[in-house]
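A structural walkthrough
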Amino acid sequence: MVNFGKKLTANRVQEWERYYINYKLMKKKVKQFAQQIQEGGQDRRRVLKEFSRMLDDQIEKTVLFFLEQQGIIAHRIQELGEQRTILLEQPDISKISGLREAYTAVGQDLLKLLRFVDLNATGIRKILKKFDKRFGYKFTDYYLSTRSNHPYSQLQQVFKHVGVAAVVGALSRNLADLQERQGSYLSIYDQPSTALTVQDPVIYLIHASVDKLTRSTNFLQYLGQHALIVHEDVPTAEEDQIDDKRYHFMSLLLNLANTFLYMVNTYIIVPTADDYSMSLGAAATVCGVIIGSMAVAQVFSSVYFSAWSNRSYFKPLVFSSIVLFLGNTLYALAYDVDSLAILLTGRLLCGMGSARAVNRRYISDCVPLKIRMQASAGFVSASALGMACGPALAGLLQTNFKIYALTINQDTLPGWVMAFAWLAYLIWLWISFKEPIRDTEVKHSSPDVDAGHDENEALESGLMQHLLISSEQKQNEDGDDECNDSEDASEDSHRPATSVASAYRLLTPSIKVQLLIYFMLKYAMEILLSESSVITSYYFGWSTSSVAIFLAILGLTVLPVNAVVGTYISNMFEDRQLLLGSEILVLLGIVLSFQFTSSYTVPQYVCSALITFVAAEVLEGVNLSLLSQVMSSRLARGTYNGGLLSTEAGTLARVVADGTITLAGYLGESKLLNITLLPSLLICLASIAATIRTYNSLF
């Protein structure tokens, strides 16, 4: 693996060499400016002016060439369009085939041009970052905001690139018209836009590249970011074949069902946990330990499930189902044997069955890239629906009768329902799951890829990286320090982390801040949810059904809120702006939750809970999006990956929050609310301060 200077040299098109930014020259200039200022030979203001002018000149050279090549491609499409018109009047199958090949060649040239833009934009970003690091300025913010928003800026062509969209549209339409029409569509403009990306491989690659260059987002992408499933590159044709051989729809559905059932299992006991603990002779606030014991076990289970998924997906899911069946059975039996220890053992077993790491890994490794975003969104949606359905189901299980010696009531029925659900899931899993073929097996059995794809494969590399944000680029940049003239990087620099210690060493300040934010939002949400039954019972006299309805409504806000944020708000603001704004809203919700007077009303509690929960949900999506951007590519795979780190941070937050509830309960239920909210307030203030401190590195 080489750093960016050599990467730029190796990947640029030779005949376009003089139109790339002069990265080496600008790097030397930054070093010279730093030395001159240190020796007192240059004024800082003059340096800023000279550097801005040099960067403007480099960008102008690149953009003007880009526009020239774009015009050439448009002219070629126009000439091919004239030939297409003649062929449609006098069809000739052999000539139509040749025309399709000509359009594909134009598409390959367009891919080459987009690659050109991507490399230059990456170089611009790196130079800006080097300048900031050398001089301690926040020059990047100033330069990007003034240049990208100015009507005469050359950067407008890179960020907006309306011409590219028109060229892509023309290519898509002409290629589609040359294909044999299926269905009743008269034109591609009558079809859903999503259907266009699968009609020709080169069009799919161009669309993928343009989407990354624009940093555009939509609801599915926004939901997919919650899953923290990192997509590093556009697959080659051979990798696409491997993905197709691995993919099995029913196996994916089983993984999503596992996610849904586990979230139902987590939250189905929340409305009745306080009543169950009192039935066994403990205090109501022991519900914190009951709820949190599942999270305690999950801290350890996440690691071994992540490691296990390196070898198999089926076996971990079978083990998970069996353990969850046993855990829920013990949870239900604890009532009749009158044992809090058995109840806690059951919940610990449930936590040991958490296979979310396997579910994430299956989507990342076995689902083809073209539908991976939808699968990631499905993972998040299954989690959200499970969170809502758990309390709602608990509200429906209000009964009390006996079957022989077994008591069936609102406390035990959640355990029995989930035990039978996991048993049914285990049977379905055993019948329907298909273990994916591993890489070596697939490559051994795959036919050779046509030689005609070779050029595409060379062009595809890197096109799915963000224009100005990329995990791999972030890592390269760290190694491309001006103080180190060597461009060579260690071979180990691209290997995944192999231990907790090696993963920790890869955590930059930005990553640590994002993990702190994730810890904070999970802590605040767990405090809100876990103590809801105790708080509402003490202050408002709510029944179990009322608490269940309240929690279900909170859970049901997840998808609508994410739809609004992912479709509209995320297109209006930067991720880091949304991050800070969401943190402030969480802080507002926490402050409003405090009991300031002797009276505590339902409107105050419900409004503050909604603000806290909704803001935390928005914050989670933005936080995980930024985390994937600032995280090293070495944390994108392997056992100790970014998904595991975020899971561990969130799980640890839940453990601490549930422990806080139980400890605070010893001071009395009247003091429970304010005592448990105080740590939330302090952690939230700390995360806001840390965000402000690292704000300029979050892009």
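Naming follows an unreviewed UniProt entry, where the protein appears as SPX domain-containing membrane protein of Musa troglodytarum. Recorded in UniProt for the protein, the comment headed Subcellular location (unreviewed entry) runs: "Membrane". According to the UniProt record, the Sequence similarities (unreviewed entry) comment for the protein is "Belongs to the major facilitator superfamily."

Some thoughts on the overall build of the protein
Scanning the protein from N- to C-terminus turns up 30 helices and two strands. Counting the 699 residues in the protein, one finds 55% classified as buried. Entry remark: accessible area of the protein is about 30,000 Å², with carbon and sulfur atoms responsible for 60%.

Some details on the packing of aromatic side chains
Evaluation of the coordinates by the stated rule reveals 30 aromatic pairs. Judged by centre distance (5.8 Å) and plane angle (85°), the ring pair of Trp-16 and Phe-116 falls under edge-to-face. Here Trp-16 is found in the loop between α1 (4-11) and α2 (23-39), whereas its partner Phe-116 is found in helix α4 (residues 93-135), with 100 residues between them in sequence. Its relative accessible area of 11% is what places Trp-16 among the buried residues.

Some remarks on empty space enclosed by the protein
Taken as a whole, this structure holds six cavities of 30 Å³ or more when the rule is applied. Taken together, 26 residues line the largest cavity, and the ones lying closest to its centre are Met-263, Arg-356, Tyr-518, Lys-522 and Glu-620. Listed by contribution, the elements that provide at least two residues to the lining of the largest cavity are α11 (249-267), α16 (356-366), α17 (369-396), α23 (509-530), α26 (558-572), α28 (602-630) and α29 (642-665). The residue inventory of the lining of the largest cavity, partitioned by class, reads 10 nonpolar, nine polar and seven charged. In this structure, the second largest cavity occupies an estimated 140 Å³ of space.

Structural notes on the pairing of strand β1 (residues 400-403)
Summarising the sheet, β1 and strand β2 (residues 406-409) pair through four bridges and their orientation is antiparallel. Bridge pairing in β2 places Ile-403 opposite Leu-406.

So, the side chain of Thr-651
Structurally, the position occupied by Thr-651 is in helix α29. A distance of 2.7 Å separates the side chain of Thr-651 from the backbone oxygen of Thr-647, its partner in a polar contact.

Side note on the pattern of salt bridges
Following the criterion strictly, the structure yields six salt bridges and no others. Lys-112 is paired through a salt bridge with Asp-109; the nearest N and O atoms lie 4.0 Å apart. Here Asp-109 and Lys-112 lie together in helix α4, a separation of three residues that amounts to about one turn. Its relative accessible area of 23% is what places Asp-109 among the partly exposed residues. Residues Lys-402 and Asp-336 are paired through a salt bridge, measuring 3.9 Å at the closest nitrogen-oxygen approach. Here the residue Lys-402 occupies a position in strand β1, and Asp-336 occupies one in helix α14 (residues 314-337), the gap between them amounting to 66 residues. Residue class for Lys-402 comes out exposed when judged on its relative accessible area of 54%. Through salt bridges with shared partners, a single ionic network connects Arg-76, Asp-109 and Lys-112.

Some remarks on the environment of Thr-329
Following the sequence through the fold, Thr-329 ends up in helix α14. Sequence separation of Thr-329 and Arg-347 is 18 residues, and the distance between their C-alpha atoms is 9.9 Å. Discounting chain neighbours no more than four positions away, the residues touching Thr-329 are Trp-416 and Ala-419.

Describing the packing of helix α13 (residues 287-308) against helix α15 (residues 340-352)
Two numbers describe how α13 lies on α15: the axes approach to 6 Å, and their chain directions differ by 35°. Here α13 runs over α15; the crossing is right-handed. Judged by residue contacts, Val-289, Ile-290, Ile-291, Ser-293, Met-294, Val-296, Ala-297, Gln-298, Ser-301, Tyr-304 and Phe-305 of α13 engage Leu-340, Leu-343, Leu-344, Arg-347, Leu-348, Cys-350, Gly-351 and Met-352 from α15. Of the residues contributing to the contact of α13 with α15, the split by class is 14 nonpolar, four polar and one charged.

Re the packing of α23 against helix α30 (residues 669-693)
Put simply, α23 and α30 touch, their axes get as near as 9 Å, and they point 155° apart. Overall, the two elements α23 and α30 adopt an arrangement that is roughly antiparallel. Here the hand of the crossing between α23 and α30 comes out left-handed. Touching Val-513, Leu-516, Ile-517, Phe-519, Met-520, Tyr-523, Ala-524 and Ile-527 of α23 are Thr-676, Pro-679, Ser-680, Ile-683, Cys-684, Ala-686, Ser-687, Ala-690 and Thr-691, all from α30. In terms of residue class, the contact of α23 with α30 is built from 13 nonpolar, four polar and no charged.

Here's the deal with the side chain of Asn-409
Tracing the backbone shows Asn-409 in strand β2. Polar side-chain contacts of Asn-409 include one of 3.0 Å to the backbone nitrogen of Thr-412. Once residues within four sequence positions are removed from consideration, Asn-409 is found in contact with Tyr-335, Leu-397, Thr-399, Asn-400 and Pro-414.

Some details on α23
Between its terminal C-alpha atoms α23 stretches 31 Å, which fits the 32 Å expected from 22 residues at 1.5 Å a residue. With 19 of 22 residues buried, α23 lies mostly within the body of the structure.

Examining a nonpolar patch on the surface
Together, Phe-420, Leu-423, Ile-427, Trp-430 and Ile-431 make up an exposed nonpolar region whose accessible area comes to about 590 Å². Here Leu-423 shows up in helix α18 (residues 413-432). Accessibility expressed as a relative area gives 32% for Leu-423, which makes it partly exposed.

What counts, and at which threshold
Residues numbered from 1 in each chain as written. Predicted model: local features only at pLDDT ≥ 70, side-chain atom pairs only at ≥ 80, totals over all residues. Heavy atoms only, no water. UniProt positions renumbered as here; feature names shortened; annotations may be inferred. Helix = DSSP H or I, 4+ residues; strand = E, 2+ residues; numbered from the N terminus. Buried < 20%, exposed > 50% of the residue type's maximum accessible area, 1.4 Å probe, protein only. Areas by Shrake-Rupley, 256 points an atom, 1.4 Å probe, with all protein chains shown as cover. Phe/Tyr/Trp six-rings, centres within 6.5 Å; stacked < 30°, edge-to-face > 60°. 1 Å grid on protein atoms, 1.4 Å probe; cavity = no way out; pocket = protein on both sides within 12 Å on 5 of 7 lines; lining within 4 Å. Points joined across faces, edges and corners; volume = space filled by probe spheres on them. Nonpolar A, V, L, I, M, F, W, Y, C, P; charged D, E, K, R; others polar. Pairing = 2+ DSSP bridges. Polar contact = N/O pair within 3.5 Å; in protein donor to acceptor, adjacent residues only side chain to side chain. Salt bridge = Lys/Arg side-chain N within 4 Å of Asp/Glu carboxyl O. Contact = heavy atoms within 4.5 Å. Axes fitted to C-alpha atoms, helices over the stretch in contact; angles between N-to-C directions. Left-handed = near helix turned anticlockwise from the far one by under 90°. Parallel < 35°, antiparallel > 145°, perpendicular 65-115°, else oblique. Expected span 1.5 Å × (residues − 1). Patch = residues over 30% accessible without salt bridge, like charges linked within 9 Å, V, L, I, M, F, W, Y side chains within 5 Å.

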